[in-house]
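Overview (structure and organization)
The chain contents come next:
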Amino acid sequence: MAQPKSGIGNVTANTELVEMAMAYSRSRVLCAAARLGVADALRDEVRSVDHLAESCHADADALYRLLRALASIGVTEETTPKHFRLTPFGRPLRRDVAQSAWPAVVFWADLLADSWSLLTDCIRTGKPAAQVRDPNIPSRWSQDPEANSIFRAVMGTAPAEDYAPIAKAWDFSRAKVVADLGGGGGSLILAVLELHPRLRGMLVDLDASIESAKARFADEKLSSQCELIIADLTQSVPAGADVYMLKHVLHGRRDPEAIAILRNCRSVILENGTLLIIEFILPPLVSQADPHLEAHLMSDLNMLAVTGGRERSEHEWRTLLEASGFRLTGVYPVGSDVGIVEARPAEV
């Protein structure tokens, strides 16, 4: 007879449901390692626990226990008693390496996990964590001076080639000017311009995001091909494009806020222009376990807890578009991850 897996406290056999309930443990271990700077202290060397405790401003015994747990999941390796090194798997936890995972680990395991801790109250009330939180208890986001820069480091800074499937899934060949609204670091518009070098682009976002993107667009070719524009989409959308893209922008908004942004798009789009909404598209029915769909539905709950927004089905996108002066004209799947909802101005 198979023996149950051992777990924290060995209180009960770890059925699959209990394992799910305990899944936070890895998240908290990674968060602690990131916040303490363990990977940065290790770098490419073997270090003693005492040395690391001094570098990380941590209790030596408690840090040793963390390092052992990290070794058990492959992030560190104990080479001799109480001496550790960083593994290749753990290397992206360093803040100074290319494509560092440090911002994403802190973003998900700390800043957003804080909102998830209030999920029960969010579901009871239908309100995001910011509105159900005890006003005397500050959020982790408000306590972290790096929170906004961490957000910008996570959103829209992936290599442009990661967005190539989106750029290939819709025919941009007849477009002249493509605007990426709320485009963050510019990965999507770069992917479109690389596939269609005759196009002109517009990257539109808030001041801090545009400032961060400037270095990426600094070379002469890109600076002449893509205009960087500061705008608050809730207030206005710049005119001048015949294709407007919104990738993972509207899922962070409640329906009235999303409609307001879409109406701003409708006010400037050409009568023969196109709006592309790039988002998860939920199915009308969830009838069985589906690990891939699970990620999209967890994102839906993440939006509920963090922003009050939601992931939407095709029917829900159609409803939003019709309320904003658009008509849904097509849905284009991009692999199994996202879909492109195509819309055009409705006849007045």
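Summary of the structure given here. Bear in mind that the values here come from a model prediction, so they are computed numbers and not experimental data.

**Observations regarding the sheet that holds strand β2 (residues 76–80)**
The strands that make up a sheet are held in pairs by hydrogen bonds between backbone atoms, and each pair lies either parallel or antiparallel. The strand order β1-β3-β2 describes an open sheet built from three strands, whose pairing is antiparallel. The outermost strands of the open sheet, each flanked by one partner alone, are β1 (47–48) and β2. The pairing of β2 with strand β3 (residues 83–86) spans four bridges and is classified as antiparallel. By the bridge assignment for β3, threonine 76 is matched with leucine 86. Of the strands in this sheet, β2 and β3 touch helix α5 (residues 60–72), which is tilted by about 110 degrees from β2.

**Points about the packing of aromatic side chains**
The geometry of an aromatic ring pair is captured by the separation of the ring centres together with the interplanar angle, meaning the angle of the planes. The full count for this structure, using the stated rule, is six aromatic pairs. For the ring pair phenylalanine 107 and tryptophan 108, a centre distance of 5.2 Å and an interplane angle of 85 degrees mean the geometry is edge-to-face. Since its relative accessible area comes to 3%, phenylalanine 107 is described here as buried. Ring geometry for phenylalanine 107 versus phenylalanine 151: centroids 6.0 Å apart, planes at 50 degrees, classification tilted. Highlighted residues: phenylalanine 107 in helix α6 (residues 102–116) and phenylalanine 151 in helix α10 (residues 147–154), separated in sequence by 44 residues.

**Some thoughts on the packing of α6 against α10**
Between α6 and α10, whose axes approach to 8 Å, the crossing angle comes to 120 degrees. The angle between α6 and α10 falls in the class oblique. Helix-helix and strand crossings are classified by hand; for α6 and α10 the assignment is left-handed. Along the contact surface, α6 presents Trp102, Pro103, Ala104, Val106, Phe107 and Leu111, while α10 presents Ala147, Ile150, Phe151, Ala153 and Val154. Residue composition of the contact of α6 with α10, grouped by class: 11 nonpolar, no polar and no charged.

**Points about the layout of surface pockets**
Empty space among the atoms becomes visible once a probe the size of a water molecule is rolled across them. Approximately 260 Å³ is the volume attributed to the second largest pocket. Trp170, Asp171, Arg174, Ala175, Asp242, Val243, Leu270, Asn272, Thr274, Tyr332, Glu342 and Arg344 are the residues that line the second largest pocket. A per-class count over the lining of the second largest pocket returns five nonpolar, two polar and five charged.

**Looking at the environment of glycine 185**
By secondary structure assignment, the location of glycine 185 is in the loop between β4 (177–181) and α12 (187–195). Of the residues examined, glycine 185 reaches a relative accessible area of 10% and is grouped as buried. Considered as a pair, glycine 185 and glycine 37 are 148 residues apart in the sequence and their alpha carbons are 25 Å apart.

**Quick look at the pattern of salt bridges**
By the definition in use, this model includes 18 salt bridges. Among the ionic pairs, aspartate 44 bridges to arginine 94, the shortest N-O distance being 3.1 Å. Here arginine 94 lies in the loop between β3 and α6 and aspartate 44 lies in the loop between α3 (38–42) and β1, a separation of 50 residues in the sequence. Overall, the relative accessible area of 60% leaves aspartate 44 in the exposed class. Relative accessible area serves as the criterion here: at 4%, arginine 94 is assigned to the buried category. A single salt-bridge network, built from bridges that share partners, covers Arg35, Asp110, Arg140 and Asp144.

**Focus on the side chain of glutamate 342**
Mapped onto the elements, glutamate 342 comes out in strand β12 (residues 338–345). According to the relative accessible area criterion, glutamate 342 is buried, its value standing at 5%. In contact with glutamate 342, not counting residues within four places along its chain, are Trp170, Thr274, Leu275, Leu276, Arg327, Leu328, Thr329, Gly330 and Tyr332.

**Side note on the pairing of strand β7 (residues 243–247)**
Among the five residues of β7, five are classified as buried, and the element is accordingly described as predominantly covered. Taking every second residue as pointing to the same face, both faces of β7 are buried, with Val243, Met245 and Lys247 on one and Tyr244 and Leu246 on the other. Relative to β7, β4 runs parallel, the two sharing four bridges. Looking across to β7, one finds that aspartate 180 is bridged to methionine 245. Pairing of β7 with strand β8 (residues 274–279), which is carried by five bridges, proceeds in the parallel orientation. What sits directly across from valine 243, in β8, is threonine 274. On the question of chirality, the crossover connecting β7 to the parallel β8 by way of helix α15 (residues 255–268) is right-handed.

How each quantity is defined
- Residues numbered from 1 in each chain as written.
- Predicted model: local features only at pLDDT ≥ 70, side-chain atom pairs only at ≥ 80, totals over all residues.
- Heavy atoms only, no water.
- Pairing = 2+ DSSP bridges.
- Helix = DSSP H or I, 4+ residues; strand = E, 2+ residues; numbered from the N terminus.
- Contact = heavy atoms within 4.5 Å.
- Axes fitted to C-alpha atoms, helices over the stretch in contact; angles between N-to-C directions.
- Phe/Tyr/Trp six-rings, centres within 6.5 Å; stacked < 30°, edge-to-face > 60°.
- Buried < 20%, exposed > 50% of the residue type's maximum accessible area, 1.4 Å probe, protein only.
- Parallel < 35°, antiparallel > 145°, perpendicular 65-115°, else oblique.
- Left-handed = near helix turned anticlockwise from the far one by under 90°.
- Nonpolar A, V, L, I, M, F, W, Y, C, P; charged D, E, K, R; others polar.
- 1 Å grid on protein atoms, 1.4 Å probe; cavity = no way out; pocket = protein on both sides within 12 Å on 5 of 7 lines; lining within 4 Å.
- Points joined across faces, edges and corners; volume = space filled by probe spheres on them.
- Salt bridge = Lys/Arg side-chain N within 4 Å of Asp/Glu carboxyl O.
- Right-handed = clockwise from strand over helix to strand, strands pointing away.

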